[in-house]
Amino acid sequence: MSGRGRMDRRGFLKITGGVSVVALGGRSAAAGAARRGQERPRVRIWSPGDNGTVADWNRDPILAAVEEATGGEIELTKIGFDTYLDQINAAIASGEVPDIIATVDHGQRTVIGQMVRDGVVAPFTGDIAAAAPNVLAQYQANPTLEELKIDGEIYMKPVSWADDNGPGFGIIHVRKDKLDAYGLEPPDTFEQYFAFLKAAKEDGSTGVVFGAGGEGGLGGAVEAFTGAYGVPAGGWVRTDGGWGFWAVQPGVRDGLLLFRRMVAEELVDPASWEITDSPRDTYVAGRPYSMIWNGGGHVGRIQNDMDLAGVGAQEWTLAAPDAGAGSRGYLTVPSFFGGTFLGNLEGNDPVAAATVINFLSSEEGYKLTALGLPDRDYEERDGQITLLPGRAADGFPTEAGDTGAHPLASAIVSWVPQEWQDFALLYGKDEAFATWYGDMWDNQRQYLLESFGQLTATPAWSDFQSTSTELVTRGFLEIVRSGDEAEAGARFDEFVTAWRGAGGDEAQSEMSEALTGLYG
Amino acid sequence: MRTELEGPRAESGRARLVWGQRWDAGQAAIGLGLAVVFMAMAYPLFYVLSLSVMPYDEYVRRAIHAWPAGFTLTYYREVLADGRLVRAFEVSILKTVIGTALNVVATTMCAYALSRRELRCGRLLSLLFLVPLFVSGGLIPYYLTIRATGLLNSFWALVIPGLVASFYLFIVRTHFRSYPQEVIEAAVMDGAGQFRIFWQIVWPTSKPMVATIALLYGTGHWNDYYWPSILVQADLHPATVVLQNITTSRSVLQGLGLGTQLTPQSFAAAVAALLIVPVLIVYPFAQRHLVRGILLGSVKG
């Protein structure tokens, strides 16, 4: 940050200081005041992504408000997602890392383990823990996050959108307008779902669409199908002898056979086998009357786009259907992606960094980055929030109709909390839309299956994981596209044998031991 | 098959396809083949341009966007509204012009020296240039070297490290080796030194080769993305880095569910179009040199 930049921002602070103090509450202001007499600690942040709508961080009022609240002087550098990890590796090699290394893919276990072993990052203990109670609270709120600890210590702030675990990526979407046209209720069982797909096919639909052309193959598309037989489509499940990998459980065989039936009866849009990214565009465009894809806030955005397309389509998400096997549910996954670390090399100030992280993770920090400064970017009267035109000048999105969050809200401590995502999506919408949106959330969450071990890996499992993924991807595609049910069953047995023989048994045994230590 | 096109009969003795002349089956097959090749080459460009001006409502109405529908400059406005882009294109232009000039001078001088059989340890020096064609130092050693030289976060980090590309060096060296030695010997007899021979005789008569490697280096500089994103900070990022970061970030954030619309491919197409256009403008002027230059360097004399 240039000296000129510092002066710019301090000058700005003098003007808006009063507003900021009101916005951030007495506690934060007091913390800032306590540090004012001292030299302001400098906190350097690296975060993946782009500056977005912020033209100059040195003049950004929201960042200035964070500085005021934390008493620090913050230097934020956004680095492209594509080269972010390389930049971190290069920085570590040169012995200079930022104070906050934000949003490292938590799946990069080798890199993270090496950073911990080399002392590049600091644990949230002692003074650091005292400066970041919100991070500790997040771990206490969700026991699954125990899996992220290394040697029993917290090293990362999960970059989250909620504290709990939520539905996965295999939510079944259907066209409600078509259900109404056929005189059908939203399907509650797979039989009813298949009946809808058959009616849709006769009506000219291409079938259900999902994305099975990418590296992940069927991916989350089988979630509800295996869930109907008691197996969450991810992570590890309790077995008689400890813990077992989900994909080789007997219930998965039944789930895949059910999925195969859908394929064999030609209820699947042929494009599904080619789509490498998202089936969303195909679904919104109107020919498939059903889709298996992400849920959450996407549901509202899909409806927005359907309205824009002007074909009268109405989006609906199904609660996980029943197959009569005594179980049903979508997989639950922890509501975060990536972890934010504290630099611990010479020149780093992990306590000051923890203070910044703690503020950004607080209710007031989330509100600041989601809405902006009160009476400047928004006003709140009788619990009603009204966004003001000045938001655009303060770095908030400027696209037409966009009510989104400030770039500081993403890829440092969160991906915008779900409540503020919902606020942005529902802002200006009528009551009917809000009710429908709430109903869709309820549907997705009606039946959920708990999963374990998605965040942790033993050495043997780390080594085997890529082989496992490859075997699962290939094996499942072959099973669901088999000529008949007997062949599909035989292929599943072959897949399990291959998986065990390729090293799965040893890796599974080690993981079972580790998960028994965590969960009993 | 008879062509109906009108036009002057080709006067050149080399021209063989004459308008108004009846095509035989072979010529028709060749014409058809070339047309297919042209379509295969031109369609991706057409597709990108078409997508970049497609309004969002038209985009969401179609599962496949193979053909133009509607017209809007919204995405171009969104991209160009980013204040950093002016600076980024400045950096790109400077990097391309200065970098290419330095590349060409350094590469041709180096290649000329290595082409001289009287150069001591010429083979060993050539070997040193040969090694990087097969083995790369990798990110960390490369980064630490640039850091140790003090180039990190300076404009020169964008041009100095890749000053001489081995592949181009060997193409130029091969060309210089086939250069008529009588001309050089005559210059030596007239008392010219090696610098004078190079600058006043060899360089001016090797323009196709110079233009060729200038074009190749220039395209490389313009498209360079990875190293600029690693070696310099945001204020020195060229347009490729800024535009790629904008596109990827939008895609990642909105894919995660942030923002009210999913970024259509049209935005990325507008970004791609902005990067392609300058190259499209320059390429036709240098194309004839490119073909000649490649041929010159690829045949050992």
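Everything here concerns the structure above.
These figures come from a predicted structure and were not determined experimentally.

Q: Before we move on, can you summarise the interface of chain A and chain B with the specific residues and values?
A: Contact residues are listed per partner, giving 35 residues for chain A and 37 residues for chain B. On the surface where chain A and chain B come into contact, there are two salt bridges. A salt bridge links A:Asp50 to B:Arg84; the shortest N-O distance between them is 3.0 Å. Linking chain A to chain B there are 11 residue pairs in polar contact (both at pLDDT 80 or more). For the side of chain A that touches chain B, the elements supplying multiple residues, two or more each, are helix H3 (84-94), helix H11 (280-285) and helix H12 (298-309) of chain A.

Q: Residues and numbers for a nonpolar patch on the surface, please.
A: Residues and elements named next belong to chain B. Side chains of Leu124, Leu127, Leu130, Val131, Leu133, Phe134, Val135 and Phe167 sit close together on the surface and give an oily, nonpolar patch of about 790 Å² of accessible area. Among the elements that line the nonpolar patch, the one with the most residues is helix H5 (residues 122-134), at six residues. The residue Leu127 is located in helix H5 in this model.

Q: So, the pairing of strand S11 (residues 330-342) of chain A: which residues are in play, and what are the values?
A: The side chains of a regular strand alternate, first on one face of the sheet and then on the other. Residue and element names in this part refer to chain A. Of all 13 residues in S11, 12 are buried, a share of seventy percent or more. Pairing of strand S3 (residues 100-104) with S11 involves three bridges; the strand directions are antiparallel. Counterpart to Ile101 in the pairing with S11 is Phe341. Of the strand pairs in this sheet, strand S4 (residues 157-167) and S11 are connected by six bridges, and their pairing is antiparallel. Across the sheet, Lys157 pairs through a bridge with Thr340, a residue of S11. Sheet topology note: the S11/strand S14 (residues 448-449) ladder contains two bridges and is parallel. Along S14, the bridge assignment pairs Leu331 with Leu449.

Q: I'd like a description of the state of the cysteines, backed by residues and values.
A: All names here are of chain B. The final tally for this structure, using the stated rule, is zero disulfides over all chains. In this structure Cys110 is a free cysteine whose sulfur lies 14 Å from that of Cys121, the closest cysteine sulfur available. You can call Cys110 buried: its relative accessible area is 18%.

Q: Account for helix H18 (residues 485-519) of chain A, with residues named and values stated.
A: Note: α-helices contain 3.6 residues per turn, so residues at a spacing of three or four share the same orientation. Residue and element names in this part refer to chain A. Taking 1.5 Å per residue, 35 residues should reach 51 Å; H18 reaches only 37 Å between its end C-alpha atoms and comes up short. The largest bend in H18 comes to about 70 degrees, at Gly503. Capping the start of H18 is the job of one residue whose side-chain oxygen sits 3.1 Å from the backbone nitrogen of Ala486: Asp484.

Q: I'd love a proper account of the nonpolar core, names of residues and values included.
A: Residue and element names in this part refer to chain A. In this structure, Tyr193, Phe210, Phe259, Met262, Phe476 and Phe495 are the most contacted members of the largest nonpolar core, which totals 67 residues. The biggest single contributor to this core is H18, with eight residues. Counting 66 residues, the second-largest nonpolar core is a separate cluster that includes Ile74, Ile79, Ala122 and Ile154.

About the criteria used
Residues numbered from 1 in each chain as written. Chains lettered and ligands numbered in written order. Predicted model: local features only at pLDDT ≥ 70, side-chain atom pairs only at ≥ 80, totals over all residues. Heavy atoms only, no water. Contact = heavy atoms within 4.5 Å. Salt bridge = Lys/Arg side-chain N within 4 Å of Asp/Glu carboxyl O. Polar contact = N/O pair within 3.5 Å; in protein donor to acceptor, adjacent residues only side chain to side chain. Helix = DSSP H or I, 4+ residues; strand = E, 2+ residues; numbered from the N terminus. Patch = residues over 30% accessible without salt bridge, like charges linked within 9 Å, V, L, I, M, F, W, Y side chains within 5 Å. Areas by Shrake-Rupley, 256 points an atom, 1.4 Å probe, with all protein chains shown as cover. Buried < 20%, exposed > 50% of the residue type's maximum accessible area, 1.4 Å probe, protein only. Pairing = 2+ DSSP bridges. Disulfide = S-S within 2.5 Å. Expected span 1.5 Å × (residues − 1). Bend = angle between axes of the 7 residues up to and from the residue. Core = buried A, V, L, I, M, F, W, Y, C linked by side-chain atoms within 4.5 Å.

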